[in-house]
Each structure stands twice: as structure tokens, then as C-alpha cells.
Amino acid sequence: MAEGLKIQNSDLNLQFGGRIQYDYNRSEENNQVDEDDFNLRRGRLFVKGNISENWSFKTQFNVDGSGAEDLYLRYNGFDSGQTITIGNQNMPFGLEELTSSKDISVLERSAITELFAVGKAEGIQFNGALGNQTYALGLFTDNDVDSEKGFAARYTFSPVKTQSSVLHLGVAYKNISDDQALGLEAAFATGPFHIQAEYTDGTTESNNDASGYYVQAGYIFTGETRPYKGGKFKRVSPSSKSGAWEAVARYEDGDGNHSDIELGTTDATAYTIGLNYYANKNVRLGINYTDGEDNNSNDTGNELRLRFQVTF
Amino acid sequence: MAEGLKIQNSDLNLQFGGRIQYDYNRSEENNQVDEDDFNLRRGRLFVKGNISENWSFKTQFNVDGSGAEDLYLRYNGFDSGQTITIGNQNMPFGLEELTSSKDISVLERSAITELFAVGKAEGIQFNGALGNQTYALGLFTDNDVDSEKGFAARYTFSPVKTQSSVLHLGVAYKNISDDQALGLEAAFATGPFHIQAEYTDGTTESNNDASGYYVQAGYIFTGETRPYKGGKFKRVSPSSKSGAWEAVARYEDGDGNHSDIELGTTDATAYTIGLNYYANKNVRLGINYTDGEDNNSNDTGNELRLRFQVTF
Amino acid sequence: MAEGLKIQNSDLNLQFGGRIQYDYNRSEENNQVDEDDFNLRRGRLFVKGNISENWSFKTQFNVDGSGAEDLYLRYNGFDSGQTITIGNQNMPFGLEELTSSKDISVLERSAITELFAVGKAEGIQFNGALGNQTYALGLFTDNDVDSEKGFAARYTFSPVKTQSSVLHLGVAYKNISDDQALGLEAAFATGPFHIQAEYTDGTTESNNDASGYYVQAGYIFTGETRPYKGGKFKRVSPSSKSGAWEAVARYEDGDGNHSDIELGTTDATAYTIGLNYYANKNVRLGINYTDGEDNNSNDTGNELRLRFQVTF
């Protein structure tokens, strides 16, 4: 399901693409409306390409002027298929974090993922696969003034992997100064059904202990299977012209960045229900409702979110 | 007169393009030189495309890092040709405002248009056409911190519309919290001649009453007719290899943003004369002289402006 | 050695391309580590194109949101091959400054070049060539608030210019308010060897007298010749699939911006040694070591720099 439009001459091929995500969201804290807004969530363009047989690159940036996302040079000349990636890129940590924002089934990632998520990071990463296993090891700097350095590593294994079923297991560890965490991943998809869970335990950059988990399940009424490749899930691609419909639910508990439901960075419990309509492989509409409660203060929060998404 | 370069594969077509506008401007306030400068006026790139039969999108951004312009997803799957556009887009208000900066005959829009112009706004808009009529209704948020919501609507009618003549009438109303206005539009083009006028009355976002109007006329020596489509004018496209020449004049009176001639937001009277050279359908050179006087303080201001424009 | 990918329809051709440069650099001031960092050095995309026979344009911007680089409209309709360029562009001053950052043999330009370098500037420039001579004259504004205007001019002559040898001589002068300088350039390349030197004397924008020079030499083990065209050098293009290797050395003395080796803007002496590997015409890896001493304070500084570069 390659995205973007590919053009080619004798020396070089380039692929152009991007994403637009607009959201309406209405959130309440203790039953008081706090946000009621229509806003750009993400607007990005990318160019990627292959250079000779051994090198490739990707440049992706936010069109609102807020900076670069992926921006890297990659060596893929090893016979055994490994790659070395140099520049701004995803750190190998977390199934939900590594699944593209175009492809996640719940519109926003879980609070524990958002707490430890660093977005893209500058560094050098080694990636490979062996049968149904993937492995990644990278050296990274954080984005602080002091540019502290560290590493992140991830290993995944899919003991079941057929056309219509996958069982995914993963473990990752990162240690970049005060930002340290261990992550455990498990997911199972069969036919139109999937379930996915992660547990993360660590200390954040501001040096606080934190741990939490989420469990997510989804069902595609129109019968498609959620695609899986290289230790990550991809977006549902409708098999008929009338599109695909998917229902999702998520339960989460523990420390996390619960700011979507106006609870901030705290220890909370929340559930989300949602519905996605994949009009075709490029257009997706989604609606989510999340409701949660702070485990200490008993503050409550909720959010209704609509998403209009086009990827090209 | 489609702009940009179109490339296509089996699933997707993308169109790439942009504009560069550089201006030299020299302005005086009470006969004292205030600005004497050569500067970028606009530098933008866009990507737009069609996705299946029913969906399209546009991403346009300023290459100087100052942010996105158009950034929207559009549904155009209605049999009767209407569209729904979701995201950052033009608000349906004002003939001069809705005519692209690439296509306006006077280099800068009138003071009353600039007072009420909001640039692009985030929202959802419904557009349609019926014979020689166009209609648009949109819900928008303003760009303030409080994200106030409101609507804008526009209706246009062209009782005359032939190959070489058009009579355009339009009315628009917007109400987004304190930003409220009624706009009336009239224009007539026949052969190489056109005349165009707008009157706007409302209250601005800072809650001030304001009203004003402009009348503009133009004549194309080389005989082309100013193109008109979908309730808007387009740029003159030269019919011969030696290009097209157009003379324009504008008179304006009333409240407005008269900052180009250093009078600021006030009640003033101003006239502009100008000359455009359309070297081909992509390159346009223009020169304008504007002279005005504050209706209350009798302060005077003027501006000489040269423009170098390429659109691709 | 055209870069970028060219696509074309009947009216228009566009060329897309860009560069990514990531650097690791470790610098010391008086033997204390001051920087030890992996960072984006440059990430740019460009679109350029031809419009009819007489006009062209270029738009180049930084994908991190830090703004536009080249952004100009060019008239190239003179029979004798001269061009007029309007917009943001290179000022005609300095051999090293005018050689693209993709193409310089030492990873960073010399301290005297960096002191007087203005990057891109807004203005109008006239360029031409006559046999082995090139000439350029431009009017520019500086980037200060007061937008002071001035001019820059450059003349180059290549008394020797064969397939494998070039002798280059150049002189340039610029005078934009307090930013005034005279620059002298000389370079000789024959087979795999090149030597290049510049002397600059002037006053900086902050109105300080400054003068300095550098001498640089390089040798390409794999036998290629450093390309030269239009009064500038280009990047080494490997003649075999296994790439090209180049050793470089530079000695510099005098006033300059010596901040790479943590000495700041001062009078210093420094030498650099380096090695480049051109994997193919798009990928270049480089390593440099620079060591210097302040001529007055005897402070010392050094830097180790690695570069990963892809151009497309």
C-alpha cells in the first residue's frame, strides 16, 4: 500500500506525498467545557527517493512552518537487508508510537505512549529483520539544550503470521539520560478482529517515575483485516468501493499524558470508543469519545473528537 | 487555465505549482519617505490532487516558513456538482478577496477589502452553482485564542455571460463573533474593458463600525478579455507571443486598512493608477501608483509599487 | 551534472530536488569540550523550472521552517546569454561563498568567508559570460531593519581552461552601507589536484575593519578532476561505481568568524585536514579536523566534524 506518487528518470526516482488531518474536538473537565474547536491536527508533505541501489532518503515537513519530521539518509546496501538510517527519524520504541498517525485505529495515541513519545529524534539507527523477527538499535540525542545522548532498542517477534492472522510480541528499551523506559507489546489480529496492548515503565525526562498500560480492540464490519508489516500495523484498506467501517475501543490506566481529556500529566483511568470510515485507501473519517477520571483527585474529563483525514 | 504541472499514475494525480511575487515599494506619509524597499510579497508552493472520483485536496504553504495557506480535503461526489470543503480555505466573502492575488488587476486589494479580509480560515464550506448563479455557505472559527465560531455566505448571479461579456452581481454576509459584515459586489466586463465595484459595511474584530467602497476599471490594449469563472475573475492570459498590456485605475473612499499609503486603519480617500504587462500566462510585471488623504486629519500618503510575479 | 528530477508537460517543465546534511561535531576551546553533538546542518527542497523560452524561476526553502533560500524569477531571453535575476539569490562575492555547500571540498567555509558571507540577499542581478570570463553586477538590500541598499560586483577570468585543467582568477567588490569588502580569488586545478586561495579586506556590518585569507589544496586519489563551470567549482562526481576519494587541507590566517573552533569572531590562525568519500553523484561522506589559535589571546580551539550528505 505504497503512498505518494512516484516519478522516475534514469538516475533517480522520487516519491511525493503527504497527509492532512483536521479535527473537531470538544473536551470537558469536571463537566465544564474547556475546548470546543476545529483545528489542523497535522499537515505534512514528504519527498522520498532511491539513489542507486544502495542509498535512499526521506524528507518530511509540516507545511505550517513548525519544522521537519523525517529527514534522513539511509544506507540499504547490505545483502541481508538491514539498513542504517542517519538523521531525524522514529526512535525504535512502542508499537503505537511506531504505527503512523495515518494508520492508528484510535484517533489519538494512549496517554502512556504520549508521555514517553519523543516524536522524531536525531540519531543513527540500525534495523533488520530475520524471518518473523525485527530488531532495531539506535543512538540518539535528545532535543534539550545539553544534547544528551543515549540509545533505544526494540525487538519484535510474530510467532503467528498468515494472510489473515498475526500474533505480535515486542519489547523495547530506551535510555537517553533521564528518559528511560521499558516497553512490552502484544497484539493479535485475525480476520476483521484485532486486540493490542502495551505496558510501559520508566522515568521521564523531568525525572518522574511513571508506568501505565492500555488495551485496545477493534472490529471491521466490512470484513477486511488490519494490515501488519515489519513489526507495525498499517491502515485498513477497503476491499470494496463503498469503503470499510471499523469500531474500536480502548481502556487505559496509569500514569500518562491525559491532556486530551483535560487531566494533564497524571495517574488516571480512561476508556475510548470510536468508529472509523475508510472511504478509500486515501480518505478516512473517524469519531472518538474518551472519558476518564484522575486516580488521585477524582477529577473527571472527557473528549469528543472528529477527524477528517486525507493521505496521498 | 490550469496552473501547475500535473503528473498521474493509475490511482492518483497530483498537481504541483506555486507563485513568487517580489515588490519594490516606495511610500510617503505627508511627503516624507517612510518605506523604500525591495521585498518578497508572496512565495508559495502547492500540491493538489484528486483521489478517486469523489475526493480531492489542496496543500499550499509559504516557503518562508510563515505557515500554511490552503490546506483542505474536499468531497465532490454529489451528482449536482456541489462540494464540501473541510480545513483551511477562503471564506466566501468579497469579489476582490476571492480573486487570487495572482489574478487581481490592481497589485494590492482595496483598503476596505483588506480591513475585513481574514486570509484563509479554518472551517467547513458548502459550495454550488446553478446555471449562472453560485452559492456558498461556510462555518468558520476565527484565529483568536477563544476560537469563536460563526458563518459566512455568498451568492452571485451573472445575468449576462457570453464569450466576451459578463455582468456579475454578488452579495455576501459574514458573522463570526465581532467580525460582521455585509458586502455588495458588481462587475461588468466586455471585450478588453472591465469595471468592478464593491461596498462593504460591518463591524471589525476589534468591534469598530466601518464601511467603504471602491470602483475599479481596466482596459487591455492588446484586446484580450478578463476571464471570469465561478463567481470570480482570473488573470489575463495573453493571446499573442508578445504578451498583453492592461491599464487599470481605482478610486476608493471610506474606512479601510490604508497602511500601504502609510495612513493606517482610518477613513480615507485614495486613487490608484496602474499598468500590467503579462509576458505570458506565467509571468506578470506590474506598476501602481496610489495617492490618498485621510478624511479627518488631512494627512496624505502615497505609494509607488513595482511587482515581479511568476506563477507556475 | 544536473540535480533533481525533471518532469515536463507541453507548457512547463519543473525540476524537483533537495539536500540533506547531517553533522556530528565535537569542538574544544582551550582543550575543554564545548560541543559534542549530532545535528541537522542543512535540509532543503527546491523547485525550479523554465517558462517559455525567456523566463525561469527557482524556489528553495529549509524544511525545518527556518525560511526561504533561493526564491527568484529570472529573465534569460537575451541572445547573448546574459540573465537578469530578481529576488532572493546569491550575492556575487567570493569563490568559496558562491560554490554551493553541496560542492565545497572542505566541509565548512573559511572563517574570513563566513565573516563576510550574507547568505542569500534580496535584489536584482545582471549576469553574463564572454568566452572564459564571467561578470555579475547586482543591487541588493541588506536584511537589517533599515533595509539599506548597495551593490556587489564580480569578475572572473580563466586564462587556462581545458578538459582536465583550469586556472581561475577573480575579483569582487561589495558596498552595502557598512558592509564593504574587496575579494581576490585564485585557483588552479589540473587532473586530480587543485589549489585555491582567497584574500578579503573590508569592513563588516558592525563596522569593524577585517582582513584575512585562506589557501586550500586537494587531491583526488581515484583520479577525477574537480569540475569547474561559470566561475565556480562543482562537486566531484565519481567515475567508477566504487566512488571517489579526496583528501583536502586548508590553512587560514586573519580576521574571521572562527566560531566552529569556539574562538568566535577574532584574528586567528587555523589549519584543517579532511577526507571526502563520494559514494556516487548524490551521496557524500566527509570528515574534517580543524585546529586553530587566537593571534592575540593565544586561546586555542579545535573541531572534529563528520558529514553525511545526500543531494537529489
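Just so it is clear, the model here is predicted, and its values are computed rather than measured.

A. Quick look at the overall build of chain A. For chain A, the count of helices and strands is two helices and 19 strands. Against the globule reference of 20 Å for 312 residues, chain A gives a C-alpha radius of gyration of 19 Å, in line with a compact fold. Projected onto its principal axes, the C-alpha positions of chain A cover 60 × 50 × 45 Å. Burial statistics for chain A: of 312 residues in total, 54% are counted as buried. Intrachain contacts of chain A at a sequence separation of at least 6 include 52% that bridge at least 24 residues.

B. Examining the relation of the copies chain C and chain B more closely. Taken as rigid bodies, chain C and chain B are interconverted by a rotation of 120° and an axial shift of 0.0 Å, the fit giving an RMSD of 0.0 Å. What we have between these two chains is a three-fold relation. Rotation axis and chain C: the residue whose C-alpha lies nearest the axis is Gly65 of chain C, separated from it by 2.6 Å.

C. Just the pattern of salt bridges, in detail. Considering all chains together, one arrives at 54 salt bridges over all chains under this definition. Here Arg250 of chain A ties to Glu252 of chain A by a salt bridge, and the two come within 3.4 Å at their closest N and O atoms. Here Arg250 of chain A falls in the buried class, since its relative accessible area comes to 5%. Between Glu69 of chain B and Arg44 of chain B there is a salt bridge whose closest N-O contact spans 3.5 Å. One end of the pair, Glu69 of chain B, is in strand S5 (residues 67-75); the other, Arg44 of chain B, is in strand S3 (residues 32-51), and 25 residues separate them in sequence. On the basis of relative accessible area, Glu69 of chain B is assigned to the buried category, the value being 14%.

D. Here's a closer look at the side chain of Ser165 of chain A. Within the secondary structure, Ser165 of chain A sits in strand S10 (residues 165-176). The residues touching Ser165 of chain A, leaving out its near neighbours within four places in the chain, are Val160, Ala189 and Thr190 of chain A.

E. Up close: unusual backbone geometry. All names here are of chain B. Even without a glycine there, the phi angle at Ser52 is positive, about 50°. Along the chain, the position of Ser52 falls in the loop between S3 and strand S4 (55-62). Here the phi dihedral of Asn207 falls at roughly 70°; this positive angle occurs in a residue that is not glycine. Following the sequence through the fold, Asn207 ends up in the loop between strand S12 (193-203) and strand S13 (209-220).

F. Spotlight on the interface of chain C and chain B. Taken together, the contact between chain C and chain B spans 32 residues of the former and 29 residues of the latter. Both sides together, the interface formed by chain C and chain B hides about 2,400 Å², and carbon and sulfur atoms give 75% of it. The tally of links between chain C and chain B comes to one salt bridge. For Lys241 of chain B, the salt bridge identified is with Glu53 of chain C, shortest N-O distance 3.7 Å. For the side of chain C that touches chain B, the secondary structure elements donating two or more residues are strand S1 (5-8), strand S2 (12-29), strand S3 (32-51), strand S4 (55-62), strand S5 (67-75), strand S6 (83-90) and strand S7 (120-130) of chain C. Taken together, the residues of the side of chain C that touches chain B break down into 15 nonpolar, twelve polar and five charged.

G. Just the nonpolar core, in detail. If you look at the biggest cluster of nonpolar residues, it comprises 70 residues, and the most contacted ones within it are Leu14 and Phe312 of chain A, Leu14 and Phe312 of chain B together with Leu14 and Phe312 of chain C. With residues near it in sequence (within four places) discarded, Leu14 of chain C still touches Leu5, Phe16 and Phe312 of chain B together with Leu5, Lys6, Ile7, Val47, Lys48, Gly49 and Phe57 of chain C.

H. The pairing of strand S4 (residues 55-62) of chain A, seen in detail. Residues and elements named next belong to chain A. When you tally the buried positions in S4, you get eight out of eight residues, the bulk of the element. Of the two faces of S4, both are covered, the one formed by Trp55, Phe57, Thr59 and Phe61 as well as the one formed by Ser56, Lys58, Gln60 and Asn62. Pairing geometry for strand S3 (residues 32-51) and S4, over eight bridges, is antiparallel. Looking across to S4, one finds that Leu45 is bridged to Phe61. Count of turn residues in the S3/S4 antiparallel hairpin: three residues, of which Ser52 carries a positive phi of about 50°. Note that S4 and strand S5 (residues 67-75) share seven bridges and pair antiparallel. When the bridges of S5 are listed, Phe57 appears paired with Leu73. Taking the residues between adjacent antiparallel strands as the criterion, S4 and S5 are bridged by four residues, where Gly65 takes a positive phi near 85°.

I. Here's a closer look at empty space enclosed by the protein. Applying the stated rule across the entire model yields twelve cavities of 30 Å³ or more. When residues of the lining of the largest cavity are traced back to their parent elements, those giving at least two are strand S2 (12-29) and S3 of chain A, strand S2 (12-29) and S3 of chain B together with S2 and S3 of chain C. Here the lining of the largest cavity is built from residues that sort into 19 nonpolar, three polar and no charged. Each pocket or cavity is described by its volume, and for the second largest cavity that value is around 170 Å³. Contributing to the lining of the second largest cavity are 18 residues, with Arg109, Arg250, Glu252, Asp260 and Thr290 of chain B lying nearest its centre. For the lining of the second largest cavity, the elements supplying multiple residues, two or more each, are helix H2 (111-116), strand S16 (244-257), strand S17 (265-278), strand S18 (283-294) and strand S19 (300-311) of chain B.

J. Molecular detail of the pairing of S5 of chain A. Pairing analysis gives five bridges linking S5 of chain A to strand S6 (residues 83-90) of chain A, with the strands arranged antiparallel. Bridged to Tyr75 of chain A within S6 of chain A is Ile84 of chain A.

K. Region of interest: the environment of Asn143 of chain A. Residue and element names in this part refer to chain A. For Asn143, the position within the fold is in the loop between strand S8 (133-141) and strand S9 (149-161). The class for Asn143 is exposed, based on a relative accessible area of 57%. C-alpha of Asn143 to C-alpha of Ala121: the two residues are 22 residues apart in sequence and 7.4 Å apart in space. In this structure, Asn143 is in contact with Val118 and Lys120, ignoring residues within four places of it in sequence.

L. Representation of the packing of aromatic side chains in the model. Residues and elements named next belong to chain A. Counting across every chain of the model gives 36 aromatic pairs over all chains. Seen from their ring centres, Tyr75 and Phe78 are 5.3 Å apart, and the 85° between their planes marks the pair as edge-to-face. On the basis of relative accessibility, which here comes to 22%, the residue Tyr75 falls in the partly exposed class. With 6.5 Å between their ring centres and 75° between their planes, Phe78 and Phe126 make a pair best called edge-to-face. Here Phe126 lies in strand S7 (residues 120-130) and Phe78 lies in the loop between S5 and S6, a separation of 48 residues in the sequence. Here Phe78 falls in the partly exposed class, since its relative accessible area comes to 33%.

M. Here's a closer look at the interface of chain B and chain A. Contacts between chain B and chain A engage 32 residues on the former and 29 residues on the latter. Summing both sides of the interface, chain B and chain A together bury roughly 2,400 Å²; the carbon and sulfur share of this comes to 75%. Taken together, chain B and chain A are joined by one salt bridge. Run the count over chain B and chain A and you get six residue pairs in polar contact (both at pLDDT 80 or more). Of all the secondary-structure elements, those providing two or more residues to the side of chain B that touches chain A are strand S1 (5-8), S2, S3, S4, S5, strand S6 (83-90) and strand S7 (120-130) of chain B. Class assignment of the residues belonging to the side of chain B that touches chain A gives a composition of 15 nonpolar, twelve polar and five charged.

N. Expanded view of the environment of Asp209 of chain B. Residues and elements named next belong to chain B. Relative to the assigned elements, Asp209 resides in strand S13. For the pair Asp209 and Ala129, spaced 80 residues apart in sequence, the C-alpha separation works out to 32 Å. With residues near it in sequence (within four places) discarded, Asp209 still touches Gly202, Thr203 and Asp255.

O. View of the side chain of Gln309 of chain C. All names here are of chain C. Residue placement: Gln309 occurs in strand S19 (residues 300-311). In this structure Gln309 comes out as buried when scored by relative accessible area, which is 0%. A polar atom in the side chain of Gln309 sits 3.0 Å from the side chain of Gln21.

About the criteria used
- As a convention, each chain's residues are numbered from 1 in the sequence order in which they are written.
- Throughout, the order in which chains and ligands are written sets their labels, letters from A for the former and numbers from 1 for the latter.
- A pLDDT threshold of at least 70 governs which residues receive local features in this predicted model, and a stricter bar of 80 or more applies before side-chain atom pairs are shown or counted, although totals over entire chains, interfaces and linings include all residues.
- Note that the side-chain values use all heavy atoms of the structure and ignore hydrogens as well as water.
- Helix numbering and strand numbering both begin at the N terminus, where a helix is a DSSP run of H or I of at least 4 residues and a strand a DSSP run of E of at least 2.
- Restricting the calculation to C-alpha atoms gives the radius of gyration, and the globule rule supplies 2.2 Å times the number of residues raised to the power 0.38.
- Throughout, exposure labels follow a simple rule: accessible area from a 1.4 Å probe, protein chains only, divided by the maximum for the residue type, with under 20% read as buried, over 50% as exposed, and the rest as partly exposed.
- Should any heavy atoms of two residues lie within 4.5 Å, those residues are considered in contact.
- Here the copies are matched by least squares. The fit uses the C-alpha atoms of residues with pLDDT of at least 70 in both.
- Criterion for a salt bridge: a side-chain nitrogen of Lys or Arg within 4 Å of a carboxyl oxygen of Asp or Glu.
- What counts as buried area is the accessible surface, traced by a 1.4 Å probe, that two parts surrender upon association, with contributions from both included.
- In the scheme used here, Gly and all other residues not listed as nonpolar or charged are polar, with Ala, Val, Leu, Ile, Met, Phe, Trp, Tyr, Cys and Pro taken as nonpolar and Asp, Glu, Lys and Arg as charged.
- The set of buried Ala, Val, Leu, Ile, Met, Phe, Trp, Tyr and Cys residues whose side-chain atoms join them within 4.5 Å is what this entry labels a nonpolar core.
- We call two strands paired when DSSP finds no fewer than two bridges between them.
- Definitions used throughout: a 1 Å grid over protein atoms alone; a cavity as a set of points that fits a 1.4 Å probe which cannot get out; a pocket as an open set with protein on both sides within 12 Å along at least five of seven lines; a lining residue as one with an atom within 4 Å of a point.
- Grid points are joined across faces, edges and corners, and a volume is the space filled by probe spheres set on the points.
- Under the pairing criterion, centres of Phe, Tyr and Trp rings, with the six-membered ring standing for Trp, must be within 6.5 Å; the plane angle then separates stacked pairs below 30 degrees from edge-to-face pairs above 60, leaving the rest tilted.
- Throughout this description, a polar contact denotes any pair of N or O atoms lying within 3.5 Å of each other; where both atoms belong to protein, one of them has to be capable of donating a hydrogen while the other can accept it, and for residues adjacent in sequence the pair is counted only when both atoms sit in side chains.

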